[in-house]
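If you want the building blocks of each chain, they are given just below.
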Amino acid sequence: MPTGKTAGPIVVAIAVCLLCVGSANAKRPDTTGGGGDGRDTLEYAIHQLDSAGGAFSGFAADLDDMGKVVGSAVDNATGVSFAACWEVAVASDGTVTSDLDLLPDSSNAYATGVNNRGEVVGDDLGGPGLYWPSTSDGPLLLLPLNGDAESYTTGINEAGVICGWSIGSETHPVVWRVAPDGNGQPIVSGPFRLPSGEGLAWDLSELDEDGTVTDTGEAWDGESSAAVAWRVRLHSNGGITTDPQPTILQIGARTRGQQLWRILRRLWPPGVDRYV
């Protein structure tokens, strides 16, 4: 899941807390051909998202290119978490405003990803995964593999591919695929297990020109773990195929996403932190 994305002429930085406000300097490669250390300074600011007058706390997890930010809004009075979407706008004078909206039927849930079509994914606390066709539609279930008990999501791309994992006696990386039927209603296919021993799928690319999507994540066996990538090919019948084995990116490494789970752990009831 990305932690920042360019939206038009501005850079929006996602904070892990609704109450985190501040400013900082970032470095980017020098494209002027000048000397020095090869870097220049990019100014940016961190802005507080709407908390309904302090009624909600929580975190932001993802954003699209249109100004939608999704995550969790926790009711400070009851402790209940809701999947949330903030509409962020930037005025001509640089003023940033945001409006909080709770997704339909999202009590005891949180959002993990959004794409530029306005589709949102997330999870019930303790699973299963959830898919909202829009911020005004109720969710569809993203079920685990047969025989497993829980499923979790981490992102969705504009081709309707959703990544995450399924948990039973083992943890397996999976993807789901959402496509419209003849009446334009969304149909969920999957989950499709990605080839590995055990693992997690953390992030995914947009659809390439050759009709494939790249998923990245972590795979492990009884002895070691590795950061890996899977190539997923989409088919017109709604199915997918993958390469027989993932590409190993780095032995002993982990891909991004660990911090999000540390945050979610604070929201979950006792007994589920074994997955952190």
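Below you will find a few notes about this structure. (Residues numbered from 1 in each chain as written. Predicted model: local features only at pLDDT ≥ 70, side-chain atom pairs only at ≥ 80, totals over all residues. Heavy atoms only, no water.)

## Topic: the nonpolar core
Soluble globular proteins: nonpolar side chains tend toward being buried together.
Right, so step 1: Among the nonpolar cores identified, the biggest contains 14 residues, and Val161, Val175, Leu194 and Leu234 are the most heavily contacted of them.
Right, so step 2: Counting only elements with at least two residues in this core, the list comes to strand 14 (161-167), strand 17 (198-204), strand 18 (212-220) and strand 19 (225-234).
Right, so step 3: Looking at which element gives the most residues to this core, the answer is strand 19, with five residues.
Right, so step 4: If we ignore the near neighbours within four places in the chain, the residues touching Val161 are Gly155, Ile156, Val175, Trp176, Leu204, Val213 and Leu234.
Right, so step 5: In terms of nonpolar packing, the next biggest core, distinct from the first, is built from 11 residues, Phe56, Ala73, Trp86 and Leu100 among them. (Core = buried A, V, L, I, M, F, W, Y, C linked by side-chain atoms within 4.5 Å. Buried < 20%, exposed > 50% of the residue type's maximum accessible area, 1.4 Å probe, protein only. Helix = DSSP H or I, 4+ residues; strand = E, 2+ residues; numbered from the N terminus. Contact = heavy atoms within 4.5 Å.)

## Quick look at the side chain of Thr154
Right, so step 1: Within the element layout of this structure, Thr154 appears in strand 13 (residues 150-156).
Right, so step 2: A polar side-chain atom of Thr154 sits 2.9 Å from the main-chain carbonyl oxygen of Ala201. (Polar contact = N/O pair within 3.5 Å; in protein donor to acceptor, adjacent residues only side chain to side chain.)

## Notes on the pairing of strand 16 (residues 186-193)
If a strand is regular, its side chains alternate between the two faces of the sheet.
Right, so step 1: Where strand 15 (residues 171-180) lies against strand 16, six bridges are found, and the strand directions are antiparallel. Bridging from a neighbouring strand, Pro180 pairs with Pro186 of strand 16.
Right, so step 2: Between strand 15 and the antiparallel strand that follows it, strand 16, lie five residues; Gly184 among them carries a positive phi value of about 85°. (Pairing = 2+ DSSP bridges.)

## Description of unusual backbone geometry
Right, so step 1: Residues Gly190 and Pro191 are joined by a peptide bond in cis, for which omega reads 15°.
Right, so step 2: Position of Pro191 relative to the elements: it lies in strand 16.
Right, so step 3: The backbone of Ala52 sits at a positive phi, close to 55°, despite the residue not being glycine.
Right, so step 4: Overall, the relative accessible area of 40% leaves Ala52 in the partly exposed class.
Right, so step 5: One non-glycine residue, Asn108, lies in the positive phi region at around 60°.
Right, so step 6: Mapped onto the secondary structure, Asn108 falls in the loop between strand 8 (96-107) and strand 9 (109-114).

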